[in-house]
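Coordinate inspection notes
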Amino acid sequence: MQRLIINGGKRLNGGVTVHGAKNSALPVLAAAAVCDGISVIHNVPMLSDVEETINILRHLGCGVTREGDTVTVDARGADGFEVPNRLMKEMRSSIIFMGALVSRFGKALVSLPGGCNLGPRPIDLHLSALRQMGLIVEEQEEPGEEGRRDCRLDCRVEKPLEGCEIDLTLPSVGATENIMLAASTARGRTVIQNAACEPEISDLADFLNRAGAKIAGAGEPTVVINGVKSLTGAEHTVIPDRITASTYMAAGAVTRGRVTIKKILPAHLRPVFPVFLRAGCELQVRDRELTLTAPARIKSLGNVKTDYYPGFPTDSQPPLLAMSTLADGRSQFVETIFHNRYAHVDALNDLGANIKVTESMAIVDGVKKLTGREVEAADLRGGAALIIAGLAAEGQTVIGGMNYILRGYDDIEKRLAELGADIRLEE
Ligand code: EPU
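The structure presented is a predicted model; accordingly, all values stated were derived computationally and were not measured.

1. A short note on the domain arrangement of the protein
- Domain boundaries in the protein define domain 1 (3-19 + 240-426) and domain 2 (22-237).
- Relative to domain 2, the C-alpha centre of domain 1 lies at a distance of 30 Å.
- Opposite the 23 residues of domain 1 that make contact, domain 2 presents 23 residues.
- The largest per-residue losses of area from domain 1 upon contact with domain 2 belong to Tyr 308, Tyr 309 and Arg 407, which jointly make up 34% of the total buried on that side.
- One can count two salt bridges joining domain 1 with domain 2.
- A salt bridge links Arg 242 to Glu 200, with the nearest nitrogen and oxygen atoms 2.9 Å apart.
- Mapped by element, the contributors of at least two residues to the side of domain 1 that touches domain 2 are helix H12 (380-392) and helix H13 (402-405).
- Partitioning the side of domain 1 that touches domain 2 into residue classes produces eight nonpolar, six polar and nine charged.

2. A few points about the layout of surface pockets
- Of the voids in this model, the second largest pocket is the one considered here, and its volume is about 270 Å³.
- Taken together, 17 residues form the lining of the second largest pocket, with Val 254, Arg 256, Leu 326, Lys 368 and Ala 392 sitting closest to its centre.
- Class assignment of the residues belonging to the lining of the second largest pocket gives a composition of nine nonpolar, two polar and six charged.

3. Observations regarding helix H8 (residues 242-254)
- If you check H8, its first and last C-alpha atoms are 18 Å apart, about what 13 residues at 1.5 Å a residue would give, namely 18 Å.
- Looking one or two residues beyond H8, the residue adopting positive phi is Arg 256, at roughly 60 degrees.

4. Things to note about the site of the ligand
- Around the ligand there are 23 residues in total, and Arg 92, Asp 124, Ser 172, Asp 315 and Ile 337 lie nearest to it.
- The contact in question runs from an oxygen atom of the ligand to an N or O atom on the side chain of Lys 22, over 3.0 Å.
- At 3.3 Å, a backbone N or O of Pro 122 approaches an oxygen atom of the ligand.
- About the coverage of the ligand: the protein hides 89% of its 830 Å² of free accessible area.
- Of the residues forming the shell around the ligand, the biggest block, three residues, is contributed by helix H5 (residues 124-132).
- Counted by class, the shell around the ligand contains 10 nonpolar, six polar and seven charged residues.
- Counting only domains with at least three residues in the shell around the ligand, you end up with domain 1 (3-19 + 240-426) and domain 2 (22-237).

What counts, and where the lines are drawn
- Residues numbered from 1 in each chain as written.
- Predicted model: local features only at pLDDT ≥ 70, side-chain atom pairs only at ≥ 80, totals over all residues.
- Heavy atoms only, no water.
- Domains from an automatic or database assignment.
- Contact = heavy atoms within 4.5 Å.
- Buried area = accessible area lost by both parts, 1.4 Å probe.
- Salt bridge = Lys/Arg side-chain N within 4 Å of Asp/Glu carboxyl O.
- Helix = DSSP H or I, 4+ residues; strand = E, 2+ residues; numbered from the N terminus.
- Nonpolar A, V, L, I, M, F, W, Y, C, P; charged D, E, K, R; others polar.
- 1 Å grid on protein atoms, 1.4 Å probe; cavity = no way out; pocket = protein on both sides within 12 Å on 5 of 7 lines; lining within 4 Å.
- Points joined across faces, edges and corners; volume = space filled by probe spheres on them.
- Expected span 1.5 Å × (residues − 1).
- Near = heavy atom within 4 Å.
- Polar contact = N/O pair within 3.5 Å; in protein donor to acceptor, adjacent residues only side chain to side chain.
- Areas by Shrake-Rupley, 256 points an atom, 1.4 Å probe, with all protein chains shown as cover.

Structure (structure tokens):
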């Protein structure tokens, strides 16, 4: 078991490079399995979720090699259409293999996915969209671990998938991605209405288009996909991780620091800029980087409501909520995307924060100081929130549950140490 040890109170100063986006790399890697060819994908972060995705690709018969942040996927010999339950349970994004495998082979055997416990995370929209295109999905119960029943999804087509018009009742990121994958090789034209507009959707479409797909409008609410016969491989560079970038910004702000966040696409961070500006931070934005200069004490973050892109991202809520615990004044958060995304609040209160949660709302009355102690991460971004608090707390903070944090942050302790934090990872 790994633990993160932080001796808080050090002002962060310097530059930090942001790795590729987890939530782009995962669907792009799955999309490589659709291609009857070789794909070379750059800027792939070193994360446990990426390793699990590579394990799935290898299980399907793809040849996968990694050199630094470049992953090469040779999917020419892939013939597997079944993702074992144990691999599906590791992360929610594994459900993307349903669309990918159906697109390539017209069949898939997958399970209901695992992932961070953020409340109920159904896949009804994925299923109803693919069924609308003609996919037959049979749900089968199987005995699972510890007496649980696992649900396997046996997916097949009797004739090629047909393009159609799909109106999503909410702009689900995963459902939009699954539909784009399945529709890339379907017969005719698929139109997704109320599609997710997150930058990771556009990134997946860019990869698929390079591989021969015909997708227009990705990044906007209406996406049109004209099906093609098959996809070849493609070379692609994953976009920078906007959530990691906002986490490093919060680290700079909470430690009264001055940090330059490098290798970013500033436009993707626009939804979080107003919150940092309200907190009194100065932001200097250049081409592919930004410098955040924090005030002596951050001010209230005001009202922060999570929303679909281009709204404030739910994944940035936990680290920014942690930052607000030390603000001069009251900040208010409303979480609209997930039901259970305040799991970090108890641990933050244990460190001395003053946060009250009522249903989807968290009211944070800023305190003058936090005091380090032992805390446990309960999910990925909640774990990042504890790191932000630990960096500013007096004394030593010991964070357990590192397996969650390493799902999304590559070398976080080294990058923060380079900025001047007193932080180390311990077995
Ligand atoms: N939803 C449904 N039915 C569905 C699909 C989604 O009700 O069929 C609901 C979900 O329960 C949730 C909301 O719709 O309440 C949004 O879910 P969405 O499908 O958009 O999210 P996702 O695809 O499961 C991705 C990211 C998440 C990120 C969300 C929202 C990946 C691998 N994951 O999840 O990232 O929070 O979009 O932006 O892309 C993270 O990185 O920590 C993380 C959780």
